[in-house]
Every structure is written in structure tokens, then in C-alpha cells.
Amino acid sequence: MEFPQEFIEKLKKSESILFFTGAGISAESGIPTFRGKEGLWKNYRPEELANFDAFLENPDRVWEWYQYRRKIIRDATPNPGHLAIAAMENYFKKVVVVTQNIDNLHNRAGSKEVYELHGNIERSYCINCKTFYDTTQFKSESKVPHCPKCGGLIRPDVVWFGEMLPSDVLASAQKAAEQCDICFVVGASAVVYPAAYIPITAKKSGAYLVEINIQPTELTPLANLSLIGKAGEILQAILKQMIENR
Ligand code: BJW
């Protein structure tokens, strides 16, 4: 894969890079993305399930959706895209991953500084007493579990529409965006806020913005470089470029 000379020079000179990732990076691990046909589950769109009202209205249905996704995620493994990002730590002073994904695959690939903006599917908590649980203890529950302490409903520790993102995680992600030299936006539709402000902040703060996606997005006009194709293939090619640059 050939890259523009300007990008190759940027790679050589940069010390601090940020990867902002979305569901598209995990698509090559077999995890469905949200938008488009494959995001549908039993004819529900994610927007109809990923909110607190939907959970209160039918907790078993929302719990079942998450159990279905947990199974896919547990069977999945990090793909060449996640692995290339982790390997970039050998070539740059600072590599930060800001992910919207809840699938834990960046951590499993070995990335060290990962900010999960929308939570993690393997954590749960009681909506009543706020006790946290490792979700593996509810592995075989097909209906929503109740808190062993107070009987409240247990929900996944993820961020649904209308909910605040964890403020410490968001603050760290924003700081990394302000300080990075290159910001890569990988497999993200960039339509969900405030997460989508991260690459915008990076660009406004002077970073070189590179988008990697199988199709253009709302962010493409802002990008210095748009690389159209599969995340795993393009990230591996960038890693190869880094090895050659050495
Ligand atoms: C490939 C590929 C391959 C495929 N290689 N690429 C400002 C403006 C407008 C609206 C808002 C705003 N600020 C807030 C809002 C409201 C709302 C929002 O953003 N709405 C818009 C959708 C209209 N935001 C919120 O509600 C947020 N909270 C909030 O703002 O709190 C403040 C507040 C509180 C109370 C009152 C008022 C304000 C919370 C948002 C939470 C989002 N949660 C979800 C679910 C998480 C848990 C779970 O997983 O179940 O997060 S929704 C879902 O979307 C999930 C994702 O992280 C997120 C983003 O999706 P993502 O990752 O981009 O996936 P896709 O499917 O959209 O795209 C995949 C991409 O990959 C595509 O582009 C493909 O082409 C590409 N691709 N294969 C490379 N192989």
C-alpha cells in the first residue's frame, strides 16, 4: 500500500499518537457494527435498546440483547487492526487509544493506555444500590438478574443514549486529543456525541487527522487523509511503513 509523502513524513516526526476507534475496527473480529443492516437484532435498532427507558420497559429483552452480544464478544479475538495499534507502542513515545467499543479487544491486544468512553460489557451494576459486578457471574442468566444484595435490576456498565459519559475517562481522552500529533479515526461513523468531539478537538488543537474506514463519513471533510478500506489491512500497512521508516 502506497501512502502520500506528507503522511510518511508526519509518521517520522510524530511522538504522540491517538487512535479513536469505533465498531468498525472490531468488525473483522466478527462483531457486528451498530448502524446499517447488520446492526439489527430481532428487528430492533440499537437506538431502541441502548437507553434506560427501553431497559425499564422490558429489562429481559435488553438483557437478552447484551447476553447475545457478550457471547459473540467472548468468542472473538483481537484482529490485525487491534494488534497493529498495540504494536505501534514500539515506534512512538506515546500511544493512546480512545475507544467507543465495549468489547475489551484493545486491552486484550495489549494496548496499555485505553480509554473506554462507553463502558465495558463485562461489568454490570445494580440500578438501585450501585454495587458493581463482574458480568461473568451472570453468564448463564437468560433473564435480567437481580442484585444479590438489594434485589434491584442489574444493568450493563455501558453508556446509553441520554446518559453521561464517565467524566474522568472523557477528560483524559480530551487531554490526549489536545496533545497528540496524529489522530487516527478508525471504523467510527462519527455521528454519536460527545465521543465524536474527540477527533474534532484533536484537529482543532493542530493534530494531523487520518480517517480509516470502508466508506466516507461526516468527518471525512475534516480529515487531512482519508484511507478507504478495511481497518486491519490499512493499520498493518501503516505498521509496516513504521518499520521501514526506522
Ligand atoms: C469499517 C469496517 C472495517 C465497518 N474497517 N471501517 C450533539 C449533537 C447531536 C446529538 C447529541 C449531541 N450530544 C449529545 C447528543 C445525543 C446523543 C447522540 O449523539 N445522538 C446522535 C446519534 C444523534 N448522545 C448521547 O446521548 C450521549 N450522552 C450524552 O450526550 O450525555 C449528555 C446528556 C445527558 C443527559 C441529557 C442531555 C445530555 C451518550 C451516547 C451513548 C452511545 N451509546 C452507544 C451504546 C453503547 C453500549 C453498547 O455498545 O451497547 O455507543 S450507541 C452506539 O453508537 C455505541 C457506539 O459506541 C456508538 C458509535 O457507533 P460506532 O462505533 O461509530 O459504530 P457504527 O456502527 O455507527 O459505525 C461503524 C463504522 O465502521 C462505519 O462508519 C463503517 O463504515 C465502518 N466500518 N467495517 C473500517 N472493516
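(A) Looking closely at the site of the ligand. As a matter of local geometry, the ligand sits amid 35 residues, with R35, Y66, R69, S189 and N213 nearest to it. F34 is positioned with one of its backbone polar atoms (N or O) 2.8 Å from an oxygen atom of the ligand. Out of a free accessible area of 1,500 Å², the ligand has 76% covered by protein chains. Sorting the residues of the shell around the ligand by element identifies α2 (23-27) and α5 (59-75) as the ones contributing at least two each. Across the shell around the ligand, the residue classes tally to 19 nonpolar, 11 polar and five charged. When residues of the shell around the ligand are sorted by domain, at least three fall in each of domain 1 (1-31 + 79-118 + 165-246) and domain 2 (33-75 + 124-158).

(B) Fine view of unusual backbone geometry. With an omega of 5°, the peptide bond running from Y193 to P194 counts as cis. Backbone geometry places K130, a non-glycine residue, at a positive phi of 65°. Note that K130 resides in the loop between β4 (119-126) and β5 (132-134).

(C) Up close: the side chain of N79. Relative to the helices and strands, N79 is located in the loop between α5 and α6 (80-87). Polar side-chain contacts of N79 include one of 3.0 Å to the side chain of S29.

(D) Region of the structure containing the sheet that holds β5. A sheet is described by the order of its strands in space; here three strands give the open sequence β5-β4-β6, paired in antiparallel fashion. Bordering the open sheet on either side are β5 and β6 (154-158), each of which pairs with just one other strand. On average, each strand axis in the sheet is tilted by 45° relative to the strand beside it, whichever way the strands run. In this fold α5 packs onto β4 and β6, with an angle of close to 140° to the strand it touches most, β4.

(E) Structural detail: the domain arrangement of the chain. Segmenting the chain into domains produces domain 1 (1-31 + 79-118 + 165-246) and domain 2 (33-75 + 124-158). Put simply, the middle of domain 1 and the middle of domain 2, counted by C-alpha atoms, are 28 Å apart. Between domain 1 and domain 2, the residue contacts involve 12 residues of the former and nine residues of the latter. Of the roughly 780 Å² buried between domain 1 and domain 2, counting both surfaces, carbon and sulfur atoms make up 68%. Taken as a group, A23, I31 and I102 account for 47% of the area that domain 1 buries against domain 2, more than any other trio of residues on that side. Remark: the boundary between domain 1 and domain 2 carries zero salt bridges. Put simply, domain 1 and domain 2 have zero residue pairs in polar contact (both at pLDDT 80 or more) between them. Here the element with the most residues in the side of domain 1 that touches domain 2 is α2; it accounts for three residues. In terms of residue class, the side of domain 1 that touches domain 2 is made up of six nonpolar, four polar and two charged.

Reading the values: rules and limits
- Residues numbered from 1 in each chain as written.
- Predicted model: local features only at pLDDT ≥ 70, side-chain atom pairs only at ≥ 80, totals over all residues.
- Heavy atoms only, no water.
- Near = heavy atom within 4 Å.
- Polar contact = N/O pair within 3.5 Å; in protein donor to acceptor, adjacent residues only side chain to side chain.
- Areas by Shrake-Rupley, 256 points an atom, 1.4 Å probe, with all protein chains shown as cover.
- Helix = DSSP H or I, 4+ residues; strand = E, 2+ residues; numbered from the N terminus.
- Nonpolar A, V, L, I, M, F, W, Y, C, P; charged D, E, K, R; others polar.
- Domains from an automatic or database assignment.
- Pairing = 2+ DSSP bridges.
- Axes fitted to C-alpha atoms, helices over the stretch in contact; angles between N-to-C directions.
- Contact = heavy atoms within 4.5 Å.
- Buried area = accessible area lost by both parts, 1.4 Å probe.
- Salt bridge = Lys/Arg side-chain N within 4 Å of Asp/Glu carboxyl O.

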